[in-house]
Amino acid sequence: MICKSVNLPWIMGYIMRRFLRSAMVVFSWFVVPYSKYTNMKTSRRKLPPIKTHLLEIPAVDLAKMIRTKQVKSEEVVQAYIDRCKQVNPLINAIVQDRFDMALEEAREIDRVIAKGINTVEQMEELTPLLGVPVTVKESIAVKGLTNQAGRVFKTPQVAKSDAPVVEQVKKFGGIILLVSNTPELCLLWETYNKVTGQTKNPYDLRRTPGGSSGGEAALLASGASLLGLTSDIGGSSRLPAMFSGIWGHKPTPYAVSFKGHHPTSDFPKWGDFFTIAPMTRYAKDLPLLLKCMADPTGTKLTLDKEIDVKKIRFFFMDNDGPSGMMRPLSRDLHAAINRVANDFNAKRVNIRKMKWSLDISLSAMLTMENIETIYHKTEEGEKPKTICTETVKYFCGCSDSILPSVIFGHLQNFMKIIPNSRHKQLATIIEALKTEFRQLLGTDGVFLYPTFPNTAHKHYRIYHKLLEPMYMAIFNTLGLPVTNCMIGLDKRNLPMGIQVVANPGQDHLCLAVAKEMERRYGGWVRPPTEEPLPEEDEEQEEDEKLFKDDIK
């Protein structure tokens with residue numbers, strides 16, 4: 001009878017949770033010294049200052065200026081091209097550009113506007129992005145540009161057509177400048193690969209801009225881009241937005257077409273978790289860009305709906321349950337999030353099932369079938385890679401892939417040995433959480449929640465913080481729209497962020513709150529023009545404290 005009462009799936013779940021937490025502490029012993037070593041080689045130079053006012057005008061206003069002939073599209077595009085050439089040698093965010101073609105498109109737009117073929121009102125309605133430059137994550141297909149998501153191929157993989165979302169943006173007048181860097185197959189919350197290399201944070205080149213949309217975030221934060229097309233399956237748009245002090249929104253599932261992206265999957269519920277997402281330097285531009293990105297046949301959003309922020313109900317949490325799995329917030333972030341909650345009169349809630357964020361997110365995402373990995377799609381004429389062989393090659397320094405791509409196959413295999421009854425239990429929790437959020441938020445409520453427990457860390461340190469992105473991944477699992485909002489700088493002058501979550505189809509609430517937060521807290525701040533100050537390694541001190549807590 002005693003044996004029958006033992007819940008084996010839950011015991012396995014407990015063991016896995018403790019193993020993962022302990023593994024992160026052990027990883028820190030190796031990751032932190034390696035990070036210190038590599039950063040010794042990293043330049044401490046500052047970015048050149050922004051010298052033209054054209055680079056600091058929101059897209060909404062810039063588009064109006066172009067339509068009304070106050071400025072030419074060519075001038076704007078040239079300004080952004082010049083800025084890209086200025087900062088890219090430092091941040092390494094650009095994979096391939098199309099500057100010459102973009103300039104020609106801008107000149108043609110200027111000629112059309114000069115002829116007066118359409119009225120200003122018609123241009124605003126039909127082509128609201130007319131003449132405005134846009135940058136795109138390299139994993140999203142842009143015709144004629146590389147599209148291999150950081151994978152090493154003997155022959156460059158060039159997109160033969162535009163992804164549907166790129167077609168939409170072009171239709172509404174946007175001018176594509178370039179494609180930006182991403183980790184291999186978007187499988188990491190840091191941006192580096194064996195093709196383009198490592199992208200750096202404009203606020204401190206020794207730190208990461210996050211991932212997997214780190215190239216876009218670095219360009220936006222450094223003033224080299226204004227609007228960016230990114231993607232999000234586990235915070236890939238929101239974490240870079242937070243680390244880089246800008247705005248990233250994960251839309252309601254199927255509001256934006258997810259086709260034309262690497263990696264992809266033919267799994268029926270792939271679109272429940274994955275979406276292409278807008279990223280902007282200014283919060284006021286998010287509704288405009290999302291409206292232009294929207295799939296005409298997808299989930300409809302009411303982005304033009306007028307919202308009185310005072311009538312929105314606010315709720316918040318500043319921890320994950322707590323689950324004991326994800327590290328608590330840094331002092332600065334904890335204070336900032338509680339300040340925001342107080343400013344918006346948010347009610348503190350305790351959604352206890354959030355403590356299962358890690359378990360349910362891993363179960364839902366790693367059990368999806370036919371996801372594109374290095375073990376599936378290979379170059380024509382090449383033999384498929386095997387997990388064991390590639391693992392050996394990696395640790396011998398002979399692999400063309402980065403660690404997450406190599407171990408992803410192991411993670412998928414590991415999930416297969418977990419009893420199906422455990423996955424069913426976790427699926428039940430997912431549905432219960434969806435119901436709880438639906439009842440809590442309704443059509444007039446938002447939930448404030450941390451994006452990540454610390455501001456931008458130094459390169460590679462994500463490898464001992466692989467559990468913390470579950471602060472974000474939980475909302476992919478639940479299918480909720482969510483926006484990362486910039487809420488100020490910490491004591492190191494690094495950007496801080498908070499997530500604003502709403503029910504499906506209520507994206508307009510997230511975006512309205514984002515605009516209000518931009519008004520209250522100032523939004524994007526120019527990257528520093530002074531050398532970063534020497535600092536003690538507080539991150540290592542935090543890791544040592546976590547290890548001692550685990551021993552207890």
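Structure: above.
Residues numbered from 1 in each chain as written. Predicted model: local features only at pLDDT ≥ 70, side-chain atom pairs only at ≥ 80, totals over all residues. Heavy atoms only, no water.

1. Digging into the nonpolar core
The line we're drawing: The definition of a nonpolar core used throughout is a set of buried Ala, Val, Leu, Ile, Met, Phe, Trp, Tyr and Cys residues joined through side-chain atoms within 4.5 Å. Per-residue accessibility, obtained with a 1.4 Å probe over protein chains only, is compared with the maximum for each type, and a residue is labelled buried under 20%, exposed over 50%, and partly exposed between these values.
L229, M354, F437, F447, F475 and M517 are the most contacted members of the largest nonpolar core, which totals 167 residues. In terms of nonpolar packing, the next biggest core, distinct from the first, is built from six residues, L185, I374, I387 and V406 among them.

2. Some words on a nonpolar patch on the surface
Basically, it comes down to this: By definition, no residue in a patch forms a salt bridge, and every one has over 30% relative accessible area; like charges are joined within 9 Å, nonpolar side chains (Val, Leu, Ile, Met, Phe, Trp, Tyr) within 5 Å. Here, Shrake-Rupley sampling with a 1.4 Å probe gives the accessible areas, and only protein chains in the shown set may cover a residue. For this analysis, a salt bridge means a side-chain nitrogen from Lys or Arg found within 4 Å of a carboxyl oxygen belonging to Asp or Glu. Labels follow the DSSP assignment, with helices taken as runs of H or I lasting at least four residues and strands as runs of E lasting at least two, numbered in each case from the N terminus.
Taken together, the side chains of V26, F27, W29 and F30 present a nonpolar region at the surface, about 420 Å² in accessible area. Note on placement: F27 falls in helix α2 (residues 8-39).

3. Overview of the environment of R21
For R21, the location among the structural elements is in helix α2. Sequence separation between R21 and N413 is 392 residues; the distance between their C-alpha atoms is 20 Å.

4. Structural notes on the packing of aromatic side chains
Put simply, the rule is: Here is the rule: rings of Phe, Tyr and Trp (six-membered ring for Trp) pair when centre to centre is within 6.5 Å. Planes less than 30 degrees apart are stacked, more than 60 are edge-to-face, and the remainder are tilted.
The full count for this structure, using the stated rule, is 14 aromatic pairs. Ring plane angle 55° and centroid distance 5.3 Å describe the contact between Y34 and Y460, whose orientation is recorded as tilted. Of the two residues, Y34 is situated in helix α2 and Y460 in the loop between β11 (445-450) and α17 (470-478); the sequence distance between them amounts to 426 residues. Arranged with centres 5.3 Å apart and planes meeting at 70°, the rings of F437 and F447 form a pair that is edge-to-face. Of this pair, F437 sits in helix α16 (residues 420-441) while F447 sits in strand β11, and the two are ten residues apart along the sequence. In this structure F437 comes out as buried when scored by relative accessible area, which is 0%.

5. Considering the pattern of salt bridges
When charged atoms on two side chains of opposite charge get close, those side chains can pair. Scanning the entire structure with this criterion turns up 20 salt bridges. The closest approach of N and O atoms between E56 and R526, which form a salt bridge, is 2.5 Å. Residue E56 is located in the loop between α2 and α3 (59-67), and its partner R526 is located in the loop between α18 (507-521) and α19 (538-551); the two are separated by 470 residues in the primary sequence.

6. Considerations on the environment of M517
Quick note on the threshold: Note on contacts: a residue pair qualifies if any of its non-hydrogen atoms lie within 4.5 Å across the two residues.
Turning to its location among the elements, M517 is positioned in helix α18. Residues M517 and V340 lie 177 residues apart in sequence; the distance between their C-alpha atoms is 8.7 Å. The residues touching M517, leaving out its near neighbours within four places in the chain, are W247, V340, F344, L448, C485, I487, I498, V500 and G522.

7. Section: the environment of T483
Quick note on the threshold: Think of a polar contact as two N or O atoms within 3.5 Å of one another; within protein, one of them needs to be a possible hydrogen donor and the other a possible acceptor, and neighboring residues in sequence only count if both atoms come from side chains.
Mapping T483 onto the fold places it in strand β12 (residues 482-489). The buried category is assigned to T483, whose relative accessible area is 0%. Between the C-alpha atoms of T483 and A149, which are 334 residues apart in sequence, the distance is 24 Å. For T483, the residues in contact, after removing those within four places along its chain, are G248, H249, L286, I498, Q499, V500, C510, L511 and A514. Among the polar contacts listed, one links the side chain of T483 to the side chain of H249, at a separation of 2.6 Å.

8. Here's the deal with the sheet that holds strand β6 (residues 227-232)
What counts here: At least two DSSP bridges between two strands are required for those strands to pair.
The mixed open sheet is built from eleven strands, whose spatial order is β1-β3-β2-β6-β8-β7-β12-β13-β11-β9-β10. At either margin of the open sheet sits one strand with a lone partner, and together these are β1 (94-97) and β10 (347-348). Two elements, β1 and strand β3 (residues 175-180), share three bridges in a ladder whose sense is antiparallel. Opposite D97, over in β3, you have L178 as the bridge partner.

9. Remarks on the packing of helix α4 (residues 73-91) against helix α5 (residues 99-115)
Here is the rule we go by: To obtain an axis, a line is fitted to C-alpha atoms, over the contacting stretch when the element is a helix, and the angle between two such axes runs from 0 to 180 degrees between their N-to-C directions. An angle below 35 degrees is treated as roughly parallel, one above 145 as roughly antiparallel, one from 65 to 115 as roughly perpendicular, and anything else as oblique. Crossings are assigned a handedness: left-handed for a near helix turned anticlockwise from the far helix by less than a right angle, right-handed for a clockwise turn. The classification used treats Ala, Val, Leu, Ile, Met, Phe, Trp, Tyr, Cys and Pro as nonpolar, Asp, Glu, Lys and Arg as charged, and all other residues, Gly among them, as polar.
It is at 8 Å that the axes of α4 and α5 come closest, and there the two elements cross at 160°. Classed by the angle they form, the pair α4 and α5 counts as roughly antiparallel. Between α4 and α5 lies a crossing whose hand is right-handed. Counted together, S73, E74, V77, Q78, I81, C84 and K85 of α4 and F99, A102, L103, A106, R107, I109 and D110 of α5 form the full contact between these two elements. Class assignment for the residues of the contact of α4 with α5 results in eight nonpolar, two polar and four charged.

10. Details of α3
Taken as a whole, α3 has its buried residues at A59, L62, A63, M65, I66 and R67. At its buried positions, α3 is contacted by α4, α5, α6 (120-126), β6 and α11 (286-293). Once α3 ends, the next one or two residues include K69, with phi positive near 65°.

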